[in-house]
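Residue-level listing of the chains:
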Amino acid sequence: MNILKHMEAIFLATLVLAGVSSYAQAATSRAADAYHAQVSVGASQVAVVKVTAKRLA
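All values reported here derive from a predicted model rather than from experimental measurement.

With that settled, consider the overall build of the protein chain. Across its full length, the protein chain holds 2 helices and 0 strands. Per-residue burial over the protein chain gives 0% buried out of 57 residues. Accessible surface, the protein chain as shown: approximately 6000 Å² in total, 65% of it carbon and sulfur.

Written out as structure tokens, the structure reads:
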């Protein structure tokens, strides 16, 4: 019987928990998408930089 008295509070707490978890899931998937966008696709297209300069005597 005590649960029936606090059903509104239980509902609101569940609603807040669901909202927070959906924001956390969205942030996690955005972070994963950003990580996968930075990963190199092929090793055959590696940039090579050759630096040449005169030596200071």
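Turning next to a nonpolar patch on the surface. Taken together, the side chains of Ile 3, Leu 4, Met 7 and Ile 10 present a nonpolar region at the surface, about 400 Å² in accessible area. Taken together, the elements giving at least two residues each to the nonpolar patch come down to helix H1 (2–5) and helix H2 (7–38). Topologically, Met 7 is positioned in helix H2.

Scoring rules and cut-offs
Residues numbered from 1 in each chain as written. Predicted model: local features only at pLDDT ≥ 70, side-chain atom pairs only at ≥ 80, totals over all residues. Heavy atoms only, no water. Helix = DSSP H or I, 4+ residues; strand = E, 2+ residues; numbered from the N terminus. Buried < 20%, exposed > 50% of the residue type's maximum accessible area, 1.4 Å probe, protein only. Areas by Shrake-Rupley, 256 points an atom, 1.4 Å probe, with all protein chains shown as cover. Patch = residues over 30% accessible without salt bridge, like charges linked within 9 Å, V, L, I, M, F, W, Y side chains within 5 Å. Salt bridge = Lys/Arg side-chain N within 4 Å of Asp/Glu carboxyl O.

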